[in-house]
Every structure is written in C-alpha cells, then in structure tokens.
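The residues making up each chain are set out below.
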Amino acid sequence: PTERVLAIQLVPFDSTRKLLLSRDITQIERVQTVHRDFVANVSHELRTPLTVIGGFLETFADMDEPDVGMLKQFMPMMLDQTRRMQSLVEDLLTLSRLENSPKAVPNEKVNMDELLATLRVEAEGLSRGRHKVVFDHSSSRWLWGSAQELHSAFGNLVSNAIRYTPEGGTVTLAWRDCGEKGEKAVFSVSDTGIGIPREHIPRLTERFYRVDRGRSRGSGGTGLGLAIVKHVLARHHAKLEIASEADKGSTFSVVFGAERLAEAE
Ligand code: ADP
C-alpha cells in the first residue's frame, strides 16, 4: 500500500513563530496493527474452546447427582477442546522461541536419513491408513541446520498434506537433488487434496491466515503452522515454493542451496 501515515506536531519555535513537525510513522503503525491483530486472533482462538468447556462444566455443577452417561458423552468433546488449546499454546511458544533465537544460521549437521525416516513414521501415524503415503528418498545429501527446527517445519507440511487430503488420496514425501547440475536439494510434500485457490497462496504463511476457517479448525489446525515453517526456512536461507490447484492438490517445496548441503556420514 502506498498510503503513508504522518504524525504532525506544532511546537513553539520562538516568541512569535511556531514550527510544524511531520514524521513518517507508516512503519510503526503497520507493526502496531499486526500486533493488535495477532492478540485479537489469539484471544479469539482461545475463547471458543474455553466457552465450550465452561458450558459443559456449568451443566455438571448445576446437577445434584452427576449424570455419568452425560459425562461420558461430553468428556471426548472437552478433551478435544483441551487438545486444541494445547496445540495452539505449543505453536505460540514455538513461534516466540524462533523469534527470540539468535540471528545466526543454525549450523549442526542434520542427518537427513534419520529425519526422513521419522517423518515417514509420523505421516503414516497421522494418516492411519486413510491415504497412500509415497516416499521418494533419492538424494543422499544431509543438511547444515537445526534438526529440531527442520523437523518442526517439515512435520507441519506433512500434517497439512494429510489434513487437507480426503481419504483415498496420495501424499508424497520427497528428498531429491535439483538445480541445473544437481547442486541444490529439495524437500517436497505433494498431495492430491483440496488444493488452494491461487489468490490465497501469497498470504498462506501469515499467522492465522486460513483459506477456510471452519475446515482448518475442524481438522485440528491452529493457523500457525505455515508461519512457523516460514520462520524456520528463513533462518536456514531456504526457499519455500507453493504450487497448488483447487480440487486437484498442492505441492510445498523447500529448496536448499549448495551452501546448506552437507556430505552424508
Ligand atoms: P492450519 O493450522 O490452519 O492448517 P497453516 O498455517 O498450516 O494453518 O496453513 C494455513 C492455511 O493454508 C490452512 O488453513 C489451509 O487453508 C491452507 N493449507 C495449508 N496446507 C494445505 C494443503 N496441503 N492443502 C490445502 N490447503 C492447505
């Protein structure tokens, strides 16, 4: 947006004259708006599960004799809402940890064989047999970075692919060499799921940005997954590419340049 925000101030200059000061506060305003929206979003996300749990508890508090049948019926819903709040708080802590971590690029040697094996087990666990999970581990490269951060970023892409792909679909995890001379490597997650309409793609990594609110919440999403992915990848100087078509499926690719690649041990 080209609209600028100016702060204007009239200050005494000498006994007869005044000075008009103008300061461009566009950037400060922008940061404050993002911050306000964030707090409003977090509050809203927490309020819904708390209202549900509070409502159930009030119902029981009003009973002389607790109704065990009803308790059994309500318990799974309360647990579900509690888990939702737990995931949200976990994701908020992860984001805040990333924002507060040192600017230096993480530089441990990451065993990609181990990381990919873990992601495979996790993908199969999340899918519970509802999808075909395909695995293409054709690069032998390892990475320089943080194993824990990369696990969290890649894990988010995998869990999205599973959550946004209906039963019977295919989710493919790949780690391949790429670039003209194979000097780079790409981790990608492709799915045959609901896809993303083109106009939403540029905003997906914003905190709490969702294509379809109801669907995302229903599938257990916090709305922070891709914001975490963006942070981790920026710290690793890696590039996220998103290709998607509504009703066909999506591919999220993470490209690592030569300077991030390590020899396998
Ligand atoms: P959420 O917790 O809502 O999934 P994310 O930050 O992980 O939050 O993703 C943001 C939004 O991007 C999601 O709400 C969803 O609309 C869209 N999205 C992410 N991954 C996929 C995918 N594989 N297929 C379709 N839509 C996706």
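Position numbers for residues start from 1 in each chain and track the written sequence from start to end. Side-chain atom pairs in this predicted model are given and counted only at pLDDT of 80 or more, local residue features only at pLDDT of at least 70, and totals for whole chains, interfaces and linings cover all residues. To get the side-chain values, take all heavy atoms of the structure and skip hydrogens and water.

Peer 1: I tried to follow the pairing of strand 1 (residues 6-12) on my own but got confused; where do I start?
Peer 2: One face of the sheet, then the other: side chains in a regular strand alternate in exactly this way. In short, DSSP must find at least two bridges between two strands for them to pair. Secondary structure elements are taken from DSSP: a helix is a run of H or I of four residues or more, a strand is a run of E of two residues or more, and numbering for both begins at the N terminus. Note: strand 1 against strand 2 (residues 18-24), seven bridges, orientation antiparallel. Along strand 2, the bridge assignment pairs Pro 12 with Lys 18. From the end of strand 1 to the start of strand 2, which pair antiparallel, there are five residues.

Peer 1: Help me out: how do you make sense of the pairing of strand 7 (residues 184-191) in this one?
Peer 2: Only protein chains enter the accessibility calculation, which uses a 1.4 Å probe. A residue is then buried if its area is under 20% of the maximum for its type, exposed if over 50%, and partly exposed in between. By the criterion of burial, strand 7 is predominantly enclosed, with six of the eight residues buried. Taking the residues that link successive antiparallel strands as the turn, the strand 6 (residues 170-178)-strand 7 hairpin has five residues, and the phi of Gly 179 there is positive, at about 90 degrees.

Peer 1: Honestly, the environment of Gly 54 in this entry has me stumped. Any pointers?
Peer 2: Structurally, Gly 54 is set in helix 1 (residues 26-61). Linking Gly 54 and Val 229, residues 175 residues apart in sequence, is a C-alpha distance of 33 Å.

Peer 1: Any chance you could explain the site of the ligand here in plain terms?
Peer 2: Neighbouring the ligand are 21 residues, the closest being Tyr 164, Ser 216, Thr 222, Gly 223 and Leu 226. Identification of polar contacts relies on pairs of N or O atoms within 3.5 Å, with a donor-acceptor requirement for protein atoms, meaning one able to donate a hydrogen and the other able to accept it, and with residues adjacent in sequence counted only if both atoms are side-chain atoms. Thr 222 places a main-chain nitrogen or oxygen 2.9 Å from an oxygen atom of the ligand. Accessible areas in this description were obtained via Shrake-Rupley with a 1.4 Å probe; residue shielding takes into account the shown protein chains only. Coverage of the ligand by the protein amounts to 98% of the 530 Å² it exposes when considered alone. Put simply, the parts of the chain that give the shell around the ligand at least two residues each are helix 4 (147-163), helix 6 (225-235) and strand 9 (249-256). The element best represented in the shell around the ligand is helix 4, accounting for three residues. Whether a residue is near a molecule or strand depends on its heavy atoms: if one lies within 4 Å, it is near.

Peer 1: What's the story with the sheet that holds strand 4 (residues 132-137) in this structure? I'm lost.
Peer 2: Sheet strands pair via backbone hydrogen bonds, and the direction of the pair is either parallel or antiparallel. With mixed pairing, the five strands of this open sheet are ordered in space as 4-6-7-9-8. Edge positions in the open sheet fall to strand 4 and strand 8 (239-245), since each of these has one partner strand only. On average, each strand axis in the sheet is tilted by 10 degrees relative to the strand beside it, whichever way the strands run. Its contacts with the sheet put helix 3 (residues 112-127) on strand 4, strand 6 and strand 7, and the angle it makes with strand 4 is roughly 175 degrees. The criterion used for residue contact is that any of the two residues' heavy atoms lie within 4.5 Å. Working convention: axes come from line fits to C-alpha atoms, limited for helices to the stretch in contact. Angles between N-to-C directions cover 0 to 180 degrees. Relative to the sheet, helix 4 contacts strand 6, strand 7 and strand 9, its axis offset from that of strand 7 by approximately 30 degrees.

Peer 1: Would you mind showing me how to read the packing of helix 3 against helix 4 here?
Peer 2: Following both chains from N to C, one finds helix 3 and helix 4 inclined at 30 degrees, their axes separated by 10 Å at the closest point. Here helix 4 runs roughly parallel to helix 3, going by the angle between their axes. Between helix 3 and helix 4 the crossing geometry is right-handed. Taken together, the residues of helix 4 that come into contact with helix 3 (itself represented by Met 112, Leu 115, Thr 118, Leu 119, Glu 122, Ala 123, Leu 126 and Ser 127) are Leu 150, His 151, Phe 154, Gly 155, Val 158, Ser 159 and Ile 162. Any residue that is not Ala, Val, Leu, Ile, Met, Phe, Trp, Tyr, Cys, Pro, Asp, Glu, Lys or Arg is counted as polar, Gly included; the first ten are nonpolar and the last four charged. Considering only residue class, the contact of helix 3 with helix 4 consists of nine nonpolar, five polar and one charged. For classification, angles of less than 35 degrees are called roughly parallel, those exceeding 145 degrees roughly antiparallel, those between 65 and 115 degrees roughly perpendicular, and all remaining angles oblique. Crossing handedness is defined as follows: a turn of the near helix away from the far one that is anticlockwise and smaller than a right angle gives a left-handed crossing, while the clockwise case is right-handed.

Peer 1: What exactly am I supposed to notice about the side chain of Thr 94 here?
Peer 2: Within the secondary structure, Thr 94 is located in helix 2 (residues 68-100). Of note is the side chain of Thr 94, whose polar atom sits 2.9 Å from the backbone oxygen of Glu 90. Leave out the neighbours within four places in its chain, and Thr 94 touches Ser 152 and Ile 228.

Peer 1: So what exactly am I meant to see when it comes to the sheet that holds strand 3 (residues 108-110) here?
Peer 2: In space, the three strands of this open sheet follow the order 3-5-10, with antiparallel pairing throughout. Each edge of the open sheet is held by one strand with a lone partner, namely strand 3 and strand 10 (261-262). Of the strand pairs in this sheet, strand 3 and strand 5 (residues 142-145) are connected by three bridges, and their pairing is antiparallel. Bridging from a neighbouring strand, Lys 109 pairs with Trp 144 of strand 5.

Peer 1: For this particular structure, what's the right way to read the layout of surface pockets?
Peer 2: Rolled over the atoms, a probe as big as a water molecule pinpoints where empty space is left. Two kinds of site are reported from a 1 Å grid over the protein atoms alone, namely cavities, where a 1.4 Å probe fits but cannot get out, and pockets, open sets with protein on both sides within 12 Å along at least five of seven lines, and residues are called lining when an atom falls within 4 Å of a point. Grid points are joined across faces, edges and corners, and a volume is the space filled by probe spheres set on the points. When its volume is computed, the second largest pocket comes out at roughly 240 Å³. Together, Thr 33, Val 34, Asp 37, Phe 38, Asn 41, Arg 203, Glu 206, Arg 207, Phe 208, Tyr 209 and Arg 213 line the second largest pocket. Counting residues per element, the lining of the second largest pocket draws most heavily on helix 1, which supplies five residues. Partitioned by chemical class, the residues of the lining of the second largest pocket number four nonpolar, two polar and five charged.

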